[in-house]
Amino acid sequence: MISLDKAGSRIAIFLVDGMRPDGLLAADTPFLDHLLTRGAYTYRERTVMPSTTLTCHTSLFFSVPPEVHGILDNTWKPFPQRIPSLFDIIREANLAAASFFNWEPLRDLWQPGSPVASFFLKDTPEDGGRTDREVTALALSWLQAHDWALSFVYLHNTDKTGHAAGWMSEAYLDAIANADRCIESICSILPKDTLVIVTSDHGGHDHTHHTDLSEDMTVPLILQGPGIPKGLEISQNVSIMDVAPTAVRFLGLGQPEGWQGKGIVF
Ligand SMILES: [Zn+2]
């Protein structure tokens, strides 16, 4: 059994909003296809209900279910109890985090000053992935010029295209292909000790999501980096709440009290 403890020193999380596992399989994604063979993956990561963007991101970064954080739609409100986020844990360890995103409500996921750098680019309707590429360019230049322990890159266009053209439509698959190129260009500059995590917040069906249909609730997860087995399909059940515990374990940091996910151990 391989433990992730103290395996590396930085983590790059890529979130492709609304990417279904079968969308990843059907789209032209040469980089992510190769990443699968160099890392561990599952096509059965479960997200939380309601399968709504801010709800799911909150469970990802705070490792608690919606019943605990109380974010049940895309409107932020204070939690009923204090729960630290992955960004808080990074800051408390005196490490630097940065976020790059093009969907504004995500800014409530972190407190002012944590992460040390936060870049929001206003999205535009049906831009063919242009703002995803602009977010990527911003991340590329910042990550090369600074020292950091956590990078979060969020790409909105796949979800936006799913709503407009339909999940699994040709345009939707093209959006995933564009995300593949974006992730590839950032990964090309990452140091070798980086744990790369690629996942999504929810899937989708027809022109929507938010339901408990498996098309909405099931997302892919890819992990690649030091200590991660190569080409392993993860057999255990994985929840979106397990991403943050896996990240803190990789950095050798303790899991805070209250988090309900579990770090993935291979
Ligand atoms: Zn959506």
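(A) Focus on the sheet that holds strand S3 (residues 97–101). Taken together, 8 strands build an open sheet; the order of strands is S4-S3-S5-S1-S6-S7-S2-S8 and the sheet is mixed. Strands with a single pairing partner mark the edges of an open sheet, and in this sheet they are strand S4 (117–120) and strand S8 (232–233). Sheet topology places strand S2 (residues 40–46) next to S8; 2 bridges connect them, and they run parallel. What sits directly across from Tyr-41, in S8, is Glu-233. Helix-sheet contacts for helix H10 (residues 243–250) involve strand S1 (10–16), S2, strand S6 (194–199) and strand S7 (218–224), and the interaxial angle to S1 is about 160°.

(B) View of the nonpolar core. By size, the foremost hydrophobic cluster in this structure holds 46 residues, and its most contacted members are Ile-11, Ile-13, Phe-61, Leu-86, Leu-106, Phe-152 and Leu-223. Among the secondary structure elements, those contributing two or more residues to this core are S1, helix H3 (53–62), helix H5 (86–92), S3, strand S5 (150–155), S6, S7 and H10. Every residue in contact with Leu-223, bar those within four places of it in the chain, is listed here: Gly-39, Ala-40, Leu-195, Val-196, Ile-197, Ile-228, Ile-234, Thr-246, Ile-264 and Phe-266. Within the second largest apolar cluster, 36 residues are counted, among which are Val-16, Leu-140, Val-153 and Leu-173.

(C) Just the coordination of the zinc ion, in detail. Coordination of the zinc ion by the protein is provided by Asp-159 (OD), Asp-159 (OD), His-163 (NE2) and His-209 (NE2), with metal-donor distances spanning 2.0 to 2.6 Å. Seen from the zinc ion, its 4 donor atoms lie at angles of 54 to 150°, and the figure they make is irregular. Positions of the donor residues of the zinc ion along the chain correspond to the pattern D-x3-H-x45-H. Of the two residues, His-163 is situated in helix H7 (residues 157–165) and His-209 in the loop between S6 and helix H9 (214–217); the sequence distance between them amounts to 46 residues. For His-163, a relative accessible area of 30% puts it in the partly exposed group. Overall, His-209 belongs to the buried group, its relative accessible area being 4%.

(D) Local environment of the pattern of salt bridges. The final tally for this structure, using the stated rule, is 11 salt bridges. Here Arg-181 ties to Asp-180 by a salt bridge, and the two come within 3.1 Å at their closest N and O atoms. Given a relative accessible area of 35%, Arg-181 falls into the partly exposed group. Looking at Asp-180, the relative accessible area reads 0%, which means it is buried. Via salt bridges that share partners, Arg-10, Asp-147 and Asp-193 belong to a single interconnected network.

(E) Structural context of the packing of aromatic side chains. Tallied over the entire structure, the rule returns 13 aromatic pairs. With a centroid separation of 6.4 Å and an interplanar angle of 40°, the aromatic rings of Phe-62 and Trp-76 are classed as tilted. A residue pair is termed long-range when its members are at least 10 positions apart, and Phe-62 in helix H3 and Trp-76 in the loop between helix H4 (66–69) and H5 qualify at 14 residues. Given the relative accessible area of 6%, Phe-62 is considered buried. One residue, Arg-10, lies across the ring of Trp-148, its end atom 4.9 Å from the ring centre.

Parameters and conventions
- Residues numbered from 1 in each chain as written.
- Predicted model: local features only at pLDDT ≥ 70, side-chain atom pairs only at ≥ 80, totals over all residues.
- Heavy atoms only, no water.
- Pairing = 2+ DSSP bridges.
- Helix = DSSP H or I, 4+ residues; strand = E, 2+ residues; numbered from the N terminus.
- Contact = heavy atoms within 4.5 Å.
- Axes fitted to C-alpha atoms, helices over the stretch in contact; angles between N-to-C directions.
- Core = buried A, V, L, I, M, F, W, Y, C linked by side-chain atoms within 4.5 Å.
- Buried < 20%, exposed > 50% of the residue type's maximum accessible area, 1.4 Å probe, protein only.
- Donors = N, O, S within 2.8 Å, 3.2 Å for Na, K, Ca; no water.
- Tetrahedral: all angles 85-135°; square planar, octahedral: opposite > 155°, others 65-115°.
- Salt bridge = Lys/Arg side-chain N within 4 Å of Asp/Glu carboxyl O.
- Phe/Tyr/Trp six-rings, centres within 6.5 Å; stacked < 30°, edge-to-face > 60°.
- Lys NZ or Arg CZ within 6 Å of the ring centre and 35° of its normal.

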